[in-house]
Amino acid sequence: LSSSRWGAWMNLNYRPKGNNFYVTTLVRYYQNESFQEYNRNSSSIDVGTRLNYDIGQFSISGEYLQRINSSPSGNDNRVALIGNYQISPSFYLTSTFGKNFSSTDNIIAVLGMNFGFSTNKMKAY
């Protein structure tokens, strides 16, 4: 049993007025270990923020992440616009569009569905 990648991260949500606008910050560290010919040793730190706004069953957010690499590939960033629509209490339609980490083939265009088993919605204050 071996692991070629591991990481640790911390998220913080802040609602300045306790309403539908909130800010999420992220700090993430991960380490890639050499695994045969598939990847090389490297470590990265991601630091970023996401601005979120809820409007009834719809939420929209924009995010920015800065990646600090120890590998020769250097630093990079990610910028994305995310939309979520609540179809039912445990079923969401989600979309993301933006620029991902990488200098080539870096467009993010995703349409998906998220579902959960919880019936209680938690709201951070």
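For the structure, see preceding data.
Okay, so let's go over this structure. (Residues numbered from 1 in each chain as written. Predicted model: local features only at pLDDT ≥ 70, side-chain atom pairs only at ≥ 80, totals over all residues. Heavy atoms only, no water.)

The next subject is the overall build of the protein chain. Summing up its helical and strand segments, the protein chain has 0 helices and 7 strands in all. Sequence-ordered secondary structure for the protein chain, helices as α and strands as β, is β-β-β-β-β-β-β. Expressed as a percentage of its 125 residues, the buried residues of the protein chain come to 27%. A separation of at least 24 residues holds for 32% of the contacts in the protein chain among residues at least 6 apart in sequence. Accessible area for the protein chain stands at about 9000 Å²; split by element, carbon and sulfur atoms hold 59% of it. (Helix = DSSP H or I, 4+ residues; strand = E, 2+ residues; numbered from the N terminus. Buried < 20%, exposed > 50% of the residue type's maximum accessible area, 1.4 Å probe, protein only. Contact = heavy atoms within 4.5 Å. Areas by Shrake-Rupley, 256 points an atom, 1.4 Å probe, with all protein chains shown as cover.)

This part covers the sheet that holds strand 5 (residues 76-88). Taken together, the 7 strands give an open sheet; going across it, the order is 1-2-3-4-5-6-7, and neighbouring strands pair in antiparallel fashion. Each having just a single partner strand, strand 1 (5-14) and strand 7 (107-115) make up the two edges of the open sheet. Averaged over neighbouring strand pairs, the angle between their axes works out to 15 degrees when direction is ignored. Sheet topology places strand 3 (residues 42-55) next to strand 4 (residues 58-69); 12 bridges connect them, and they run antiparallel. Counted as the bridge partner of Asp-46 is Arg-67 from strand 4. (Pairing = 2+ DSSP bridges. Axes fitted to C-alpha atoms, helices over the stretch in contact; angles between N-to-C directions.)

What follows concerns the side chain of Thr-94. Relative to the elements of secondary structure, Thr-94 occurs in strand 6 (residues 91-99). Looking at Thr-94, its side chain comes within polar contact range of the main-chain oxygen of Gly-83, at 3.4 Å. The residues touching Thr-94, leaving out its near neighbours within four places in the chain, are Ile-82, Gly-83, Asn-84, Val-110, Leu-111, Gly-112, Met-113 and Asn-114. (Polar contact = N/O pair within 3.5 Å; in protein donor to acceptor, adjacent residues only side chain to side chain.)

Right, let's talk about the packing of aromatic side chains for a bit. All chains considered together, the criterion is met by 1 aromatic pair. Both rings, one in Trp-6 and one in Tyr-29, keep their centres 5.6 Å apart while their planes meet at 55 degrees; by these two values the pair is tilted. Note that Trp-6 is positioned in strand 1 and Tyr-29 in strand 2 (residues 21-32), a separation of 23 residues in sequence. Under the relative-accessibility criterion, Trp-6 is labelled partly exposed at 44%. Arg-67 extends its terminal NZ or CZ atom over the ring of Phe-101, reaching a point 3.6 Å from the ring centre. (Phe/Tyr/Trp six-rings, centres within 6.5 Å; stacked < 30°, edge-to-face > 60°. Lys NZ or Arg CZ within 6 Å of the ring centre and 35° of its normal.)

Throughout the structure, instances matching the rule amount to 4 salt bridges. Residues Arg-67 and Asp-46 are paired through a salt bridge, measuring 2.8 Å at the closest nitrogen-oxygen approach. Of this pair, Arg-67 sits in strand 4 while Asp-46 sits in strand 3; the two residues are 21 residues apart in sequence, bridging distant segments of the chain. Across the pair Lys-99 and Asp-76 runs a salt bridge whose closest N-O atoms are separated by 3.4 Å. Of this pair, Lys-99 sits in strand 6 while Asp-76 sits in strand 5; the two residues are 23 residues apart in sequence, bridging distant segments of the chain. (Salt bridge = Lys/Arg side-chain N within 4 Å of Asp/Glu carboxyl O.)

Before going further, it helps to spend a moment on the environment of Thr-25. One can find Thr-25 in strand 2. The exposure class assigned to Thr-25 is partly exposed, which follows from its relative accessible area of 34%. When the C-alpha positions of Thr-25 and Tyr-14 are compared, they lie 8.5 Å apart, and in sequence the two are 11 residues distant. Residues in contact with Thr-25, not counting those within four places in the same chain, are Met-10, Asn-11, Leu-12, Gly-48 and Thr-49.

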